Amino acid sequence: MTTTARPSIPPMHQDGTGAVTGAQFLERLRQNPPTLYIDGQRVEDPTTHPATANMCRSLAGLYDLQFQEDLKDTLTYEEGGKRYARSFMIPRTKDDLRLIAESHRIRANYGLGFLGRAPDYMNANVMAAGVGAEYFNACSAAIPGDPKRDFAANMRRYYEFIRDNDLCLTHALTNPQVNRAKLASELPAPYIALGIVEETEEGVIVRGARMMATLPIADEILIFPSTVLRENADKSRYAMGFGIPTNTPGLSFQCREPIDVGRDPEDHPLSSRFDEQDAFVIFDDVLVPWERIFLLYDVELANKAYAGTDAVLHMAYQVVNLKIAKTEAFLGTAQSIVNAIGSGQFQHVQSKMAEIIIMLEIMKALEVAAREQAEPNEYGVMTPARAPLDAARNYYPANHARLPELLQLLGASGIIMMPSKADREGPLGPQIAKYLQTGNASAEDRLRLFRLAWDMSMSSFAGRQELYERFFFGDPVRMHSALYEVYDSSEAVARIQEFLNRR
Ligand SMILES: Cc1cc2nc3c(=O)[nH]c(=O)nc-3n(C[C@H](O)[C@H](O)[C@H](O)COP(=O)(O)OP(=O)(O)OC[C@H]3O[C@@H](n4cnc5c(N)ncnc54)[C@H](O)[C@@H]3O)c2cc1C
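Residues numbered from 1 in each chain as written. Predicted model: local features only at pLDDT ≥ 70, side-chain atom pairs only at ≥ 80, totals over all residues.

- Identification of the protein chain as 4-hydroxyphenylacetate 3-monooxygenase, oxygenase component from Deinococcus wulumuqiensis is taken from an unreviewed UniProt entry.

The following block contains the structure:
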């Protein structure tokens, strides 16, 4: 491998126009396609490749919502004569948080909550990291005022760059799953886990891999650690933070098998629209320019980066709003099935519907609690309260699987006996129309509904969603431990002590 003469990536442009349209987003992807590999082949243009074109179209639709007359004031905000996506806005008041929540919900509803990593998630990340950028100058390798190593200035500029150009980000935080009993430095080779190789005049060369980046059909990738590094050394080659374009030389994304298999949206209503893809990320001596470096070698700072800037809370706030939208989609679909087959008078059916309602109301209450108990952080950002968000991000992964299960229990054979669009239009069409109608709908409408329920609960798309919900915010086991460690139980303990002391 060579570490010299790598083409450098262009400097970050600060002259973006703010919020972009779907057409602008697609054109940008066409001009700068991420280096994706699917089924052994390089994807030359993700906007036309059969495995990614529909997802690109869906993302473009999301960008276009920003310009829809009735939504633009919610989905964007104005500053300095430009309009930006709302998820980049720095919340200063609780009312700002309410506006941000509203925009998260509208955008989440676009994908019925099944688009896990729409750009809002990472926008919230770079917003919080950008405002809290001073955190990065505490890094042992930072030199405030230095044109290369002023990491705070780099982070701040990166936020502005992403916001001003309305770029779409993916991210990859975890190391390859080679041996979880070992430290990154103890794996069979030093550069299996992504590591720093050397510093050059232009930047830092990195080599190795990261396990998972959802939505690799993005403009940029952000690299930070999430699973806490357990390296003992003060200075570790595995501690780093940076953001680079997804078409940076030496960077490749090995995508998983596509879930979108080219079926009509009537047959695969979610898979054909929202296969956001997940990719293994390989760095083959990638040069990261200095202006894109936010953190180097500092294990302690790397481990605390998400908490130290409160980025994790703004991301979790996007997530709680997204999961509300998703639960509402389950509620709407389940109730539509109950209405369609006339099962609403059975007590156990009502009880199953009540389970969904309870889950929805818990998530809604946690969102309100996070917003109402919000406080400005040390950087002046109105920050949603941690405890309700921690509750939401632990509660939902533990309970989500019940939602598809409830759909199966309510829909029963209806969720499998679903002739396709081609069947409906084929020789047996008249019989299908007769025998698969419902009390309140035509066979076509019934099949559309049950196909949606199938894609939410049984298809490959649904299976991937189930795994995603279990792990997307981290390992549930370690998330429980993290919650346990930060939660302040002292008042409750004191009350018990006081009770025990009563004589
Ligand atoms: C569909 C999907 C999409 C994802 N998208 C992204 C993404 O866009 N970006 C991103 O960065 N990540 C993403 N992730 C990764 C996610 O962050 C991880 O799955 C999660 O952090 C768990 O890590 P892991 O998968 O490497 O599991 P592992 O850490 O390998 O865990 C495997 C098993 O071993 C146990 N285990 C391992 N180590 C320990 C330990 N130290 N203590 C206790 N138990 C342990 C775990 O509890 C678990 O049961 C995604 C994951 C999925 C499934």
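Moving on, there is more to tell.
### So, the packing of helix α9 (residues 311-341) against helix α15 (residues 443-457)
- Direction vectors running N to C along α9 and α15 enclose 135°, while the axes themselves pass 10 Å from each other. Considering their axes alone, α9 and α15 lie oblique with respect to each other. Helix-helix and strand crossings are classified by hand; for α9 and α15 the assignment is left-handed. Together, Phe330, Thr333, Ser336, Ile337 and Ala340 of α9 and Arg446, Leu449, Leu452, Ala453 and Met456 of α15 make up the contact between the two elements.
- Residue classes in the contact of α9 with α15 are distributed as seven nonpolar, two polar and one charged. (Axes fitted to C-alpha atoms, helices over the stretch in contact; angles between N-to-C directions. Helix = DSSP H or I, 4+ residues; strand = E, 2+ residues; numbered from the N terminus. Parallel < 35°, antiparallel > 145°, perpendicular 65-115°, else oblique. Left-handed = near helix turned anticlockwise from the far one by under 90°. Contact = placed C-beta atoms within 7 Å. Nonpolar A, V, L, I, M, F, W, Y, C, P; charged D, E, K, R; others polar.)

### Some details on the pairing of strand β10 (residues 251-255)
- For β10, the tally of buried residues reaches four of five residues, placing the bulk of the element in the interior.
- Here strand β1 (residues 36-38) runs beside β10; their pairing, made up of two bridges, is parallel. Among the inter-strand pairings, Tyr37 is bridged to a residue of β10, identified as Gln254.
- Pairing between β10 and strand β11 (residues 278-289): five bridges, direction antiparallel. Each bridged residue has a counterpart across the sheet, and for Ser252 the counterpart in β11 is Ile282. (Buried ≥ 20, exposed ≤ 12 C-beta atoms within 10 Å, placed from the backbone. Pairing = 2+ DSSP bridges.)

### What to know about the packing of helix α5 (residues 120-131) against α9
- Relative orientation of the contacting elements α5 and α9 amounts to 155°, with a least axis distance of 8 Å. One element, α5, and the other, α9, form an angle in the roughly antiparallel class. The element α5 and its partner α9 pack so that their crossing is right-handed. The residues of α9 that touch α5, namely those facing Asp120, Tyr121, Ala124, Asn125, Met127, Ala128 and Ala129, are Ala311, His314, Met315, Tyr317 and Gln318.
- Taken together, the residues of the contact of α5 with α9 break down into eight nonpolar, three polar and one charged.

### Some words on the site of the ligand
- Taken together, 23 residues lie around the ligand, and Leu173, Met212, Thr214, Tyr468 and Phe471 are the ones closest in.
- Counting residues per element, the ones that place at least two in the shell around the ligand are β5 (169-172), β7 (203-214), α16 (460-471) and α17 (476-486).
- Partitioning the shell around the ligand into residue classes produces 10 nonpolar, seven polar and six charged. (Near = placed C-beta within 6 Å.)

### Some details on the UniProt feature "domain: HpaB/PvcC/4-BUDH C-terminal" (unreviewed entry) in the protein chain
- In the numbering used here, UniProt assigns the "domain: HpaB/PvcC/4-BUDH C-terminal" (unreviewed entry) feature to residues 302-500.
- This span, residues 302-500, is 74% helix and 2% strand, and a straight line between its end C-alpha atoms measures 43 Å. (UniProt positions renumbered as here; feature names shortened; annotations may be inferred.)

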